[in-house]
Amino acid sequence: MTTEFNFKGLHPAFLEAVNRHEPSIAFALAEGRGKFVFLLFMTTDSSGRIVWGDLELFILLARTQKMLQFKLLGNHKKAGDFKIRLTEDDEEAIRAELGLGQAAGGPAFALLDFLAKLNGMIPASIPLEAKVAAINDEKTAIEAHCKTYLDDASKVYLLGVRRLPDGMRPREETLRKLYMLDAEPAAIASLIRNLKRIRWTTSWTAAKPVTDKFAEIFAKVSAIGTKS
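Residues numbered from 1 in each chain as written. Predicted model: local features only at pLDDT ≥ 70, side-chain atom pairs only at ≥ 80, totals over all residues. Heavy atoms only, no water.

A.B. asks: Is there a simple way to think about the pattern of salt bridges in this case?
C.D. replies: Going through the model one piece at a time under the given rule, you end up with twelve salt bridges. Residue Glu-4 pairs with Arg-85 through a salt bridge whose shortest N-O separation is 3.2 Å. Here Glu-4 is found in strand S1 (residues 2-6), whereas its partner Arg-85 is found in strand S8 (residues 83-87), with 81 residues between them in sequence. Since its relative accessible area comes to 41%, Glu-4 is described here as partly exposed. Across the pair Arg-193 and Glu-129 runs a salt bridge, and its minimum N-O distance is 2.9 Å. Highlighted residues: Arg-193 in helix H7 (residues 185-198) and Glu-129 in helix H4 (residues 128-137), separated in sequence by 64 residues. Look at Glu-129 and you get partly exposed, because its relative accessible area is 28%. (Salt bridge = Lys/Arg side-chain N within 4 Å of Asp/Glu carboxyl O. Helix = DSSP H or I, 4+ residues; strand = E, 2+ residues; numbered from the N terminus. Buried < 20%, exposed > 50% of the residue type's maximum accessible area, 1.4 Å probe, protein only.)

Shown next as structure tokens:
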């Protein structure tokens with residue numbers, strides 16, 4: 001048995017992400033004892049353009065570290081539909097995140113009412129810095145469950161930057177790995193904005209460098225961005 005719910009509250013943040021060409025959505029909602037981290041990652045092609053196709057919604061139950069994964073149904077951009085179908089196992093996982101037991105006489109729990117409450121809490125606008133912070137806080141779970149939305153997911157160490165050919169943008173799957181670095185969210189957001197402005201991208205390696213490259217790359221990209 002499944003339960004369908006439409007997270008229409010995602011529509012403003014989705015349109016904002018598309019219009020800013022920032023095809024990653026991440027935010028956390030706290031309710032009761034639970035923390036619910038919403039993640040929606042759009043894909044981009046080799047030229048950095050958004051690819052329109054099937055989307056997935058991940059909801060990380062942060063306290064219990066359980067990741068729920070749903071295929072999104074409906075017309076997202078025009079109609080604002082973000083329909084998911086939850087199984088009984090999904091409901092049980094949500095109850096566990098909230099600390100609600102299954103014993104008779106326990107607190108009453110209405111799944112649709114709870115989802116509607118979360119839907120009403122979804123922010124209409126999400127600063128890039130907030131997205132970076134939300135992903136950085138849960139990077140271990142995201143690396144484990146969302147690898148298909150990261151380019152060369154095994155290469156997690158920042159190595160350098162390079163100019164892209166004319167007409168190309170940096171791929172979001174590559175920039176998304178910047179969200180997970182051990183740096184201040186504001187600095188990461190600034191680097192991402194500058195990379196997009198000058199149309200450069202990042203290079204990564206699986207071997208840990210002797211020194212952290214972030215500060216060096218941040219300074220280099222900032223200097224180029226100031227001149228452009």
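Once the structure has been displayed, the description carries forward.
A.B. asks: What is the right way to look at empty space enclosed by the protein in this model?
C.D. replies: Unoccupied space between atoms shows up once a probe the size of one water molecule is rolled over them. Summed over the entire model, instances satisfying the criterion amount to one cavity of 30 Å³ or more. Along its surface, the largest cavity is lined by Phe-36, Ile-59, Leu-68, Phe-70, Leu-86, Ile-94, Phe-114, Leu-115 and Leu-118. If you list the elements that add at least two residues to the lining of the largest cavity, you get strand S7 (66-71) and helix H3 (111-121). Tallying contributions element by element places H3 first for the lining of the largest cavity, with three residues. Considered class by class, the residues forming the lining of the largest cavity number nine nonpolar, no polar and no charged. (1 Å grid on protein atoms, 1.4 Å probe; cavity = no way out; pocket = protein on both sides within 12 Å on 5 of 7 lines; lining within 4 Å. Points joined across faces, edges and corners; volume = space filled by probe spheres on them. Nonpolar A, V, L, I, M, F, W, Y, C, P; charged D, E, K, R; others polar.)

A.B. asks: Could you clarify how one ought to interpret the layout of surface pockets in this entry?
C.D. replies: In this model, the largest pocket occupies a volume close to 400 Å³. Along its surface, the largest pocket is lined by 19 residues, and Val-156, Tyr-157, Leu-158, Leu-181 and Asp-182 are the ones closest to its centre. Mapped by element, the contributors of at least two residues to the lining of the largest pocket are helix H5 (139-145) and strand S9 (157-163). Taken together, the residues that form the lining of the largest pocket break down as eleven nonpolar, one polar and seven charged.

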